[in-house]
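# Report on the structure
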Amino acid sequence: MCGTGDGLGMARETEFTYDTVTPAARRHIRVFQLHQFLDRFAMGLTVAVVALALTDRGMDLFQISLLFGVYSLTTMAMELPFGGLADRIGRKPVFLAAVVASLMSLALFLSSSNFAVLAASFGCIGFGRALRSGTLDAWFVETFRAAAPQVDVQPALAMAQWANAMGLALGAVLGGLLPDLMRATGAGFGISIYDVSYAASFAVMLIVLVYTMLAIHEAPRPLSARALGQGIGSLPSVMAEAGLLAVRHPSLSMLLAALALFLMATNPVEVIWPTYAKPMLDAGYANSMIGGLTAVYFFSVAFGASLAARISRLFKRRHAVTLAALFTALAAVQLALALQGDIVGFVVVFVAFAILLSASETPASSILHGCVEDRQRSTLLSLRSLIQQLGAAVGLVLAGAIAEGSSTTVAWSVGAVCLLVAAVLCVVLARRLAAGTR
């Protein structure tokens, strides 16, 4: 049964207010917010410069595509196994391993311009992404519910998402500024100007490692070689059980299908919008403006996360209804974005797109968390991530083919149709939840 605030399964949750939850719950939120900010800040430092850094290392566009392909394939291959492992041996140790993988990736990137070494670096990024998926998010939800029983977790998730987006936004701003600010220093050491941003990311990631070890508290689980072997050996059954859970529960399957369509529609916009916007800009400052718009995008994501709780209350915390409304609005905005021909209109609609995109994250998470037990939470979060990435990959291929044969406008318009289909699925899901079926 899914207890999500839509009326299914368990007692209806009480509304979250920051002033009335326990001090332990408030401290838990603050600890996780800072953790998410630092982790995403470290990632954001490289977001704005990764393509430029690869070009500076002599990579052409095809090689850059291959490197991102290595990342995607590694992530998809490892998503479910490591989600299940986190459920078995603990979320904290698996996340610490993810941080180590990130440090290895940054070290490899800084050490070489060789394609094979860079491919290993991107493989480590995918490895770390798979390790992160479904680890501390699951820890956060379970610990919050222990500190604040029967309290709606969605506003707390929105607070964490806001910190997440702010970390990415500020990291992207600083990561874009550092190469210019430290140009002379980089030249003095004989390194690429973009390596400064990567070195800063490495330093912040070390802080994340220490903060995780000291501030994240989890009941210890057996970490002996035998326990680890048993955890790995049980992964096939854990993965099969997670898959069967999704198949046997139509509500969960419906949610995952809607999320796959959501990523099919929106990921192509997130990836190729710079190529659509750049011709609208003066060639003399187009690259700087693209960097600035990247930061605006992340700030808008953070603002959308801050609005999520209010939007949820507007729909009386019926999360599936909220999701249906947001997907419908997002379809209209994506269609409007595809029709923009000047930069002012594009920026205005692009900000609205980012806000709605972010606001839709926590209603979906709330439904999912209400549908699973603690022992499967990390596995199901990884299953969700895997399905979303598959949807995103399919969407990119389709959008690329449509844009090549027709135009980006047509590709994004087709994506808007996918969002409307996702909205219809959410309407059906809302009716199932309201009726008490799963």
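## Thoughts on the overall build of the protein chain
- Within the protein chain, the regular secondary structure consists of 18 helices and 0 strands.
- Of the contacts made within the protein chain by residues no fewer than 6 positions apart, 84% connect residues no fewer than 24 positions apart.
- Summing over all exposed atoms, the protein chain offers an accessible surface of approximately 18,200 Å²; the carbon and sulfur share of this is 69%.

## Thoughts on the pattern of salt bridges
- Counted under the stated rule, the structure contains 4 salt bridges.
- The shortest N-O distance in the salt bridge between D39 and R40 comes to 2.5 Å.
- Judged by its relative accessible area of 19%, R40 falls in the buried class.
- The salt bridge involving R91 is made with E142; its shortest N-O contact spans 2.7 Å. Of this pair, R91 sits in helix α4 (residues 91-111) while E142 sits in helix α6 (residues 136-147), and the two are 51 residues apart along the sequence.
- A relative accessible area of 1% means that R91 is categorised as buried.

## Considering the nonpolar core
- Ranked by internal contacts, the top residues of the largest apolar core, which has 63 residues, are L255, F327, F346 and W412.
- Those elements that place two or more of their residues in this core are α7 (154-181), α12 (250-277), α13 (286-314), α14 (319-338), α15 (343-359), α16 (361-371), α17 (377-405) and α18 (408-435).
- The element that contributes the greatest number of residues to this core is α12, accounting for 14 residues.
- With residues up to four places along the chain from it excluded, the contact list for F346 reads W273, Y276, A277, M280, L337, Q340 and W412.
- One finds L96, A160, L209 and A215 within the second-largest nonpolar core, a separate group that totals 33 residues.

## So, the packing of α14 against α18
- Running from N to C, α14 and α18 cross one another at 170°; their axes reach a closest spacing of 8 Å. One way to sum up the angle between α14 and α18 is to call them roughly antiparallel.
- For the contact of α14 with α18, the per-class residue count stands at 21 nonpolar, 5 polar and no charged.

## Details of α6
- The terminal C-alpha atoms of α6 lie 16 Å apart, and with 12 residues this matches the ideal 16 Å at 1.5 Å per residue to within 8%.
- Residues L136, A138, W139, F140, V141, E142 and F144 constitute the buried set of α6.

## Section: the confidence of the model for the protein chain
- With 79% of its residues at a pLDDT of 70 or more, the protein chain shows a mean pLDDT of 80.
- In this model, residues 7-11 is a region of pLDDT below 50 whose contacts with residues beyond four sequence positions or in other chains number 13 contacts.

Definitions and cut-offs
Residues numbered from 1 in each chain as written. Predicted model: local features only at pLDDT ≥ 70, side-chain atom pairs only at ≥ 80, totals over all residues. Heavy atoms only, no water. Helix = DSSP H or I, 4+ residues; strand = E, 2+ residues; numbered from the N terminus. Contact = heavy atoms within 4.5 Å. Areas by Shrake-Rupley, 256 points an atom, 1.4 Å probe, with all protein chains shown as cover. Salt bridge = Lys/Arg side-chain N within 4 Å of Asp/Glu carboxyl O. Buried < 20%, exposed > 50% of the residue type's maximum accessible area, 1.4 Å probe, protein only. Core = buried A, V, L, I, M, F, W, Y, C linked by side-chain atoms within 4.5 Å. Axes fitted to C-alpha atoms, helices over the stretch in contact; angles between N-to-C directions. Parallel < 35°, antiparallel > 145°, perpendicular 65-115°, else oblique. Nonpolar A, V, L, I, M, F, W, Y, C, P; charged D, E, K, R; others polar. Expected span 1.5 Å × (residues − 1). pLDDT = per-residue confidence, 0-100.

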